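# A structural walkthrough
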Amino acid sequence: AQAGWVRGLGAVRRRSRPIRVGRVTVGGDAPVAVQSMTNTDTCDVAATVAQVRALEAAGADIVRISVPSMEAAEAFGRIRREVEVPLVADIHFDYRIALRVAELGADCLRINPGNIGREERVRAVIAAARERGIPIRIGVNAGSLEKELLARYGEPTAEALVESALRHVAILERHDFPDFKVSLKASDVPMTVAAYRMLARRIEQPLHLGITEAGGLLPGAVKSAVGLGMLLAEGIGDTLRVSLAADPVEEVRVGYEILKSLGLRARGVNLIACPTCSRQRFDVIGVTRELERRLADVREPIDVAVIGCVVNGPGEARIAEVGVTGGEPNLLYVQGRPAGKVDDEALVDAVERAVRERLARRG
Ligand code: SF4
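Residues numbered from 1 in each chain as written. Predicted model: local features only at pLDDT ≥ 70, side-chain atom pairs only at ≥ 80, totals over all residues.

Using the residue numbers shown here, the UniProt feature "domain: IspG TIM-barrel" (unreviewed entry) corresponds to residues 17-256. Span residues 17-256 is 47% helix and 17% strand, its end C-alpha atoms 23 Å apart. (UniProt positions renumbered as here; feature names shortened; annotations may be inferred. Helix = DSSP H or I, 4+ residues; strand = E, 2+ residues; numbered from the N terminus.)

With that out of the way, let us pick up the UniProt feature "domain: IspG C-terminal" (unreviewed entry) in the protein. UniProt's feature table lists "domain: IspG C-terminal" (unreviewed entry) at residues 270-356, given in the numbering used throughout. The span residues 270-356 shows a helical share of 32% and a strand share of 29%, and its end C-alpha atoms are spaced 14 Å apart.

Hydrogen bonds along the backbone pair up the strands of a sheet, which may run parallel or antiparallel. Spatial strand order, β11-β12-β13-β14-β15: 5 strands in an open sheet with mixed pairing. Looking at strand neighbours, the two that pair on one side only are β11 (269-273) and β15 (337-342), the edges of this open sheet. The sheet shows a mean angle of 20° between the axes of neighbouring strands, taken without regard to direction. As judged from the 4 bridges shared by strand β14 (residues 330-334) and β15, these two strands associate in the antiparallel manner. Bridge assignment links Y333 to a residue of β15, and that residue is P338. (Pairing = 2+ DSSP bridges. Axes fitted to C-alpha atoms, helices over the stretch in contact; angles between N-to-C directions.)

What follows deals with the pairing of strand β5 (residues 87-90). Alternating residues of β5 divide into L87 and A89 and V88 and D90, and every residue in both groups is buried. Here strand β4 (residues 62-66) runs beside β5; their pairing, made up of 4 bridges, is parallel. When the sheet's bridge partners are listed, S66 is paired in β5 with D90. In this fold, β4 hands off to helix α2 (residues 70-82), which returns the chain to β5; that crossover is right-handed. Pairing geometry for β5 and strand β6 (residues 108-110), over 3 bridges, is parallel. (Buried ≥ 20, exposed ≤ 12 C-beta atoms within 10 Å, placed from the backbone. Right-handed = clockwise from strand over helix to strand, strands pointing away.)

Spelled out as structure tokens, the structure:
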């Protein structure tokens, strides 16, 4: 899952204390891990396994599953046996569920220590995590801030989010348990960014980035790209989840697009396509859409340029590994060199063939 990533803005990255979530390292020098979360009924093992596999195929490094009951905990155990990707069990309040999923092979527990209850329960959950080498994710959310903090701050604020997180952090530190990561999510982008900036200076643990309840695919992707992009460009963030009211596979795609645009990771086809105008000599939008569909299975990074005319075409095609430029005739480029004329009808096939040949040569 870590193949094909590149360091882009890594030189300015905040140096966090790495943790292991199953086979995936989060923090330190590790690539920013992409996460998503299932939205099936966890007790429906077949449906959840299918969704976890779809997320893994889309590139998810880690998948979170909510475990709201003991029945769901047992289902989590069956799901765990069926899939390879590291799984985070998302638990609220009930420490017995945390203990059970730890036994059943959870790779990380998302549980807020301040919400577990009595001291012996907190101690039992931390002991189970320590014994099995499982990290804990503290997840603070503006929608579920402690009443007393809300009363004091009047409303959710960046300071209130950070104060809430630090309370949970203090409990883990009191138990000498440093293997955790923290998220501080709000649906308000400036508040989320301010909160992560503050917390980044207060703790050394990895930060899990996200804008919560960001909305549907387009507004959610934009909010996430702005908020997460600001933080990642400052070197803050070790793993991310894009929260969308959409198919979770889209969350993984958007997560990669954010990381690809910053040069932090590379995965699959990077399609460079012009926005089109009346100069276009073939249907750029249709060809782009069809190539996206046909090349969705490609995992290795490769730049492919689809440019409608000779204004920008040759320049873009020359720096992409495979490119096509509209004209009389349309020209295919491979490794920056002209590789033949192509009719409109044959464009998609020709580009797909050239991409697969390049990938086969790389081995
Ligand atoms: Fe228009 Fe050509 Fe630019 Fe595409 S590359 S937007 S067709 S001028």
